[in-house]
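# Structure at a glance
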Amino acid sequence: FLAFPSVPVHSWSREDMHRLNFHRSILHLIFGTNGNFGMKMTDALWTARMELEQNGHLAEDSRLHHYFKTSEDAKLALEICEKAQRMEAARKKKYT
């Protein structure tokens, strides 16, 4: 199983990822899975990108706000994640 990981491997900046300040309730920590949290975060990031494109800002009730303590943290998370994905895509393109 180690030779063929079942989850994507990313080379995102550790420093940027450490800047993310997630918010999870104690119930989600106890009863939720990391996989479920990851899927919800993916959905929230995708939705936030569409909100920005359509409205020019994150909606007050944006799904992304559910996973961070402040709206500033949510915006920062979107910026960090998009930057990380763009850099990874550029690296992959460079080697193909």
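Residues numbered from 1 in each chain as written. Predicted model: local features only at pLDDT ≥ 70, side-chain atom pairs only at ≥ 80, totals over all residues. Heavy atoms only, no water.

Secondary structure summary: the protein contains four helices and zero strands in total. Shown N-terminal to C-terminal, the secondary structure of the protein runs as helices and strands in the order α-α-α-α. Looking at the protein as a whole, 26% of its 96 residues are labelled buried. In the structure as shown, the protein presents an accessible area of about 7700 Å², 60% of it carried by carbon and sulfur atoms. Separation of charge centres in the protein, based on 14 positive and 12 negative side chains, amounts to 8 Å. (Helix = DSSP H or I, 4+ residues; strand = E, 2+ residues; numbered from the N terminus. Buried < 20%, exposed > 50% of the residue type's maximum accessible area, 1.4 Å probe, protein only. Areas by Shrake-Rupley, 256 points an atom, 1.4 Å probe, with all protein chains shown as cover. Lys, Arg positive; Asp, Glu negative; His and termini not counted. Charge placed at Lys NZ, Arg CZ, Asp CG, Glu CD.)

The subject of this paragraph is helix 3 (residues 34-55). Note that an α-helix has 3.6 residues per turn; residues three or four places apart therefore point the same way. For helix 3, which comprises 22 residues, the first-to-last C-alpha distance of 31 Å matches the rise-based estimate of 32 Å (1.5 Å per residue) to within 8%. Within helix 3 the residues assigned to the buried category are Phe37, Met41, Ala44, Leu45, Thr47, Ala48 and Glu51. Where helix 3 is buried, its residues contact helix 4 (71-94). Backbone geometry just after helix 3 places Gly56 at a positive phi near 85°. (Expected span 1.5 Å × (residues − 1). Contact = heavy atoms within 4.5 Å.)

Bringing the packing of aromatic side chains into the picture now. Tallied over the full model, the rule gives three aromatic pairs. With centroids separated by 5.7 Å and ring planes inclined at 80°, the aromatic side chains of Phe22 and Phe37 adopt a geometry described as edge-to-face. On the criterion of sequence distance, the pair formed by Phe22 in the loop between helix 1 (14-18) and helix 2 (26-31) and Phe37 in helix 3 is long-range, its members being 15 residues apart. Centre to centre, the rings of Phe37 and Tyr67 are 5.6 Å apart; their planes meet at 80°, and the pair counts as edge-to-face. Of this pair, Phe37 sits in helix 3 while Tyr67 sits in the loop between helix 3 and helix 4, and the two are 30 residues apart along the sequence. In this pair, the class of Phe37 matches that of Tyr67, namely buried. The rings of Phe22, Phe37, Tyr67 and Phe68 are connected pair by pair, giving a single aromatic cluster. Its end group placed over the ring of Phe37, Arg24 keeps NZ or CZ at 4.2 Å from the ring centre. (Phe/Tyr/Trp six-rings, centres within 6.5 Å; stacked < 30°, edge-to-face > 60°. Lys NZ or Arg CZ within 6 Å of the ring centre and 35° of its normal.)

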